[in-house]
Amino acid sequence: MEATSTASALTLRPWQDSDIPTIVAAHRDEAIRRWSTRPIGDEDEARAWLADQGKGWADDTQLSWAVEEDGTVVGNFLIKAANPPEMLATGVGYWTLAEARGRGIASRCVKTATEWLFGGQDFMPADEIELLHTVGNEGSCRVAQKCGYALDSVLPPLPPKFPDEGHRHLRKRPV
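A quick note: this is a predicted structure, and the numbers were derived from the prediction, not measured.

1. Things to note about the overall build of the chain
Next, step 1: In terms of regular secondary structure, the chain is built from five helices and seven strands.
Next, step 2: Its C-alpha atoms give the chain a radius of gyration of 15 Å, within 12% of the compact-globule value 16 Å for 175 residues.
Next, step 3: Expressed as lengths along the three principal axes of its C-alpha atoms, the size of the chain is roughly 45 × 40 × 30 Å.
Next, step 4: For the chain, the proportion of its 175 residues judged to be buried stands at 42%.
Next, step 5: Restricting the contact set of the chain to residue pairs at least 6 apart, pairs at least 24 apart contribute 55%.
Next, step 6: When the accessible surface of the chain is summed, it comes to about 9,500 Å², and 52% of that surface belongs to carbon and sulfur atoms.
Next, step 7: Within the chain, one finds 19 positive and 26 negative side-chain charges whose respective centroids are separated by 4 Å.

Here you go:
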């Protein structure tokens, strides 16, 4: 993503083995642990997570990138194919390192992905895109609102993976 007058350029690239220490360090952050459906506690769990990201690319169900700013990983961004009942529509997701929050990184990724998904590509066509998060995750609510995703519904808990209520924000393809 291009630099703006107020923000550095962002680069999305596939995750790689050399990112394992960054992934483990990111998951030491209380906010990431709190909101993540898959907290990572050590290098073995990070390797398993990386393998799952590669599998998602291989079977076209999930595209996951390391987000870099000025050559440093500052977050994760992903696009998930619809997979009812967990994902009713194509979905977007992200996390941002604590030191990078508040700079619009997640919003820029969501806006760019939304444009791409609605922009005529046929790799992962989407008529609707959902952004799901746990109720109480105000940062993700702000990202959804900033990117034009309307609150569609409050989802009931689905333990064990989703022990708390969630918000489903939705954006429909413009007509």
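2. With respect to the sheet that holds strand β7 (residues 166-172)
Next, step 1: Spatial strand order, β1-β2-β3-β4-β5-β7-β6: seven strands in an open sheet with mixed pairing. Of all the strands in the sheet, just β1 (10-14) and β6 (150-155) have a single pairing partner and so form its edges. Going across the sheet, the axis of each strand differs from the next one's by a mean of 30°, ignoring polarity.
Next, step 2: Sheet strands in contact with helix α3 (residues 43-58) are β2 (62-69) and β3 (72-80), and its direction is about 120° off that of β2.

3. As for the nonpolar core
Next, step 1: In terms of nonpolar packing, the biggest core is built from 26 residues, with F77, I79, V92, V110, L131 and Y149 touching the most fellow members.
Next, step 2: Among the secondary structure elements, those contributing two or more residues to this core are β2, β3, β4 (90-96), α4 (105-118), β5 (128-134) and α5 (138-146).
Next, step 3: In terms of nonpolar packing, the next biggest core, distinct from the first, is built from 14 residues, A26, I32, W49 and W95 among them.

4. Some remarks on the packing of aromatic side chains
Next, step 1: For the structure shown, the criterion picks out four aromatic pairs.
Next, step 2: Ring plane angle 80° and centroid distance 5.3 Å describe the contact between W15 and W49, whose orientation is recorded as edge-to-face. With a gap of 34 residues between them, W15 in the loop between β1 and α1 (20-26) and W49 in helix α3 connect regions that are remote in the sequence.
Next, step 3: Given the relative accessible area of 8%, W49 is considered buried.
Next, step 4: Here W65 and F77 contribute two aromatic rings whose centre-to-centre distance is 6.3 Å and whose plane-to-plane angle is 20°, an arrangement assigned as stacked. Taken as a pair, W65 in strand β2 and F77 in strand β3 lie far apart in primary sequence, twelve residues in all. For the pair shown, W65 and F77 are each scored as buried.
Next, step 5: An aromatic cluster of three or more residues is present, and its members are W15, W49 and W95.

5. Topic: the environment of T61
Next, step 1: Looking at where T61 falls in the secondary structure, it is placed in the loop between α3 and β2.
Next, step 2: Judged by its relative accessible area of 38%, T61 is partly exposed.
Next, step 3: Placed 18 residues apart in sequence, T61 and I79 show a C-alpha to C-alpha distance of 8.3 Å.
Next, step 4: Apart from residues no more than four positions distant in its own chain, T61 is found in contact with G56, I79, K80 and A81.

6. What about the pairing of β2?
Next, step 1: Burial runs high along β2: eight of the eight residues are buried.
Next, step 2: Residues of β2 alternate between two faces, with Q62, S64, A66 and E68 on one and L63, W65, V67 and E69 on the opposite face, all of them buried.
Next, step 3: Sheet analysis places β1 next to β2, joined by five bridges and oriented antiparallel. Bridging across to β2, L10 finds its partner in E69.
Next, step 4: As defined by bridge partners, β2 adjoins β3 across eight bridges and the pair is classed as antiparallel. Bridge assignment links S64 to a residue of β3, and that residue is L78.

Calculation criteria
- Residues numbered from 1 in each chain as written.
- Predicted model: local features only at pLDDT ≥ 70, side-chain atom pairs only at ≥ 80, totals over all residues.
- Heavy atoms only, no water.
- Helix = DSSP H or I, 4+ residues; strand = E, 2+ residues; numbered from the N terminus.
- Rg over C-alpha atoms; globule rule 2.2 N^0.38 Å.
- Buried < 20%, exposed > 50% of the residue type's maximum accessible area, 1.4 Å probe, protein only.
- Contact = heavy atoms within 4.5 Å.
- Areas by Shrake-Rupley, 256 points an atom, 1.4 Å probe, with all protein chains shown as cover.
- Lys, Arg positive; Asp, Glu negative; His and termini not counted.
- Charge placed at Lys NZ, Arg CZ, Asp CG, Glu CD.
- Pairing = 2+ DSSP bridges.
- Axes fitted to C-alpha atoms, helices over the stretch in contact; angles between N-to-C directions.
- Core = buried A, V, L, I, M, F, W, Y, C linked by side-chain atoms within 4.5 Å.
- Phe/Tyr/Trp six-rings, centres within 6.5 Å; stacked < 30°, edge-to-face > 60°.

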